[in-house]
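Coordinate inspection notes
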Amino acid sequence: AQRREVTEVLDQFTAVYFLDSTILSLPATLREVFQGVGGYASCAALKIQLLFDYLSGNISHMSFAAARKTDQAYQDHLPHVQPGNLLIQDLGIFNLRTLQAVVDQLAYFLTRWQQGVHVYLASVPDQALDMLSFLRQQGSEGQEYAVLVGTTAKLPCRMVCVRLPAAVVAQRRRRAKADAKRRGKPITKRKLDLLAWNVFLTNATAAQLSLRQILVCYSLRWQVELIFKLWKSQ
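Some remarks on the pairing of strand 8 (residues 155-163)
- A large share of strand 8 lies buried, amounting to seven of its nine residues.
- Both strand 7 (residues 143-149) and strand 8 contribute to a ladder of seven bridges, which runs antiparallel. Across the sheet, residue Tyr 145 finds its bridge partner in strand 8, namely Met 159.
- In sequence, strand 7 turns back onto strand 8 through a hairpin of five residues, with Gly 150 there showing a positive phi of about 100 degrees.
- Here six bridges tie strand 8 to strand 9 (residues 197-202), and the two strands are oriented antiparallel to one another. Along strand 9, the bridge assignment pairs Met 159 with Leu 201.

Structural data, given as structure tokens:
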């Protein structure tokens, strides 16, 4: 039943893309070509950016770069985004200019909010929210708001806030601490506290994607993770 519901929701879009990346360690002899990042087994590593079309089940685009290249600078997927498409992307690729380009293409995006990016209620556009204080005021049920995102971009979005179960929060915090340790970078208490919520941003209307549908659609990203897992196991 859920699969049928998802299909009915997503069929309104001309394509539904999942954008994500993964890193593969390489032999150290390739470090001059594919420079790695701290915390991985090798000083050489490859970053794969993957654009997967959920509706057709096809890989629409792949690109390869040194693992050290930041996800935020990635824009090779933009030529593939057409009017009426829905782009669901990993948090690591969050970039307001890229999201604006999706809007300019008359397409739609769904992403999680990146900590540190300023958010303004559309009704109070001159005062950025203290997100932690704001989220702590939310009830246990999901809430949504019309917002502007970015100090200068002021990108109009729907913001959907969902408080997570305690077990999920604990798991996210363990992973965040482990990742910070691997990278040799400290993680603040505020960042850990913010992991108690999922905050989604989209330019799709409530009629196109309800709060529940946003949660279901974003969870479909696991299919891309399965592709990465298959590649690495081979």
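Remarks on the sheet that holds strand 2 (residues 44-53)
- Taken together, nine strands build an open sheet; the order of strands is 3-2-1-4-5-9-8-7-6 and the sheet is mixed. Whereas interior strands pair on both sides, the edge strands pair on one side only; in this sheet they are strand 3 (58-66) and strand 6 (119-121). Pairwise comparison of adjacent strand axes, ignoring direction, gives a mean angle of 30 degrees for this sheet.
- Running over the sheet, helix 2 (residues 96-104) touches strand 4 (85-89), strand 5 (108-112), strand 7 and strand 8 and is turned about 155 degrees from strand 5.

Considerations on the pattern of salt bridges
- This model, assessed by the stated rule, comprises eight salt bridges.
- As a salt-bridge pair, Asp 130 and Arg 190 come within 3.2 Å of each other at their nearest N and O atoms. With Asp 130 in the loop between strand 6 and helix 3 (131-136) and Arg 190 in helix 5 (residues 189-194), the pair connects residues that are 60 residues apart, well separated along the chain.
- Note that Arg 136 is salt-bridged to Asp 193, the shortest N-O span being 3.3 Å. Placement of Arg 136 in helix 3 and of Asp 193 in helix 5 is noted, with a sequence separation of 57 residues between them.
- Each of Asp 20, Asp 90 and Arg 221 takes part in salt bridges that share partners, so that together they form one network.

About the criteria used
Residues numbered from 1 in each chain as written. Predicted model: local features only at pLDDT ≥ 70, side-chain atom pairs only at ≥ 80, totals over all residues. Heavy atoms only, no water. Buried < 20%, exposed > 50% of the residue type's maximum accessible area, 1.4 Å probe, protein only. Helix = DSSP H or I, 4+ residues; strand = E, 2+ residues; numbered from the N terminus. Pairing = 2+ DSSP bridges. Axes fitted to C-alpha atoms, helices over the stretch in contact; angles between N-to-C directions. Contact = heavy atoms within 4.5 Å. Salt bridge = Lys/Arg side-chain N within 4 Å of Asp/Glu carboxyl O.

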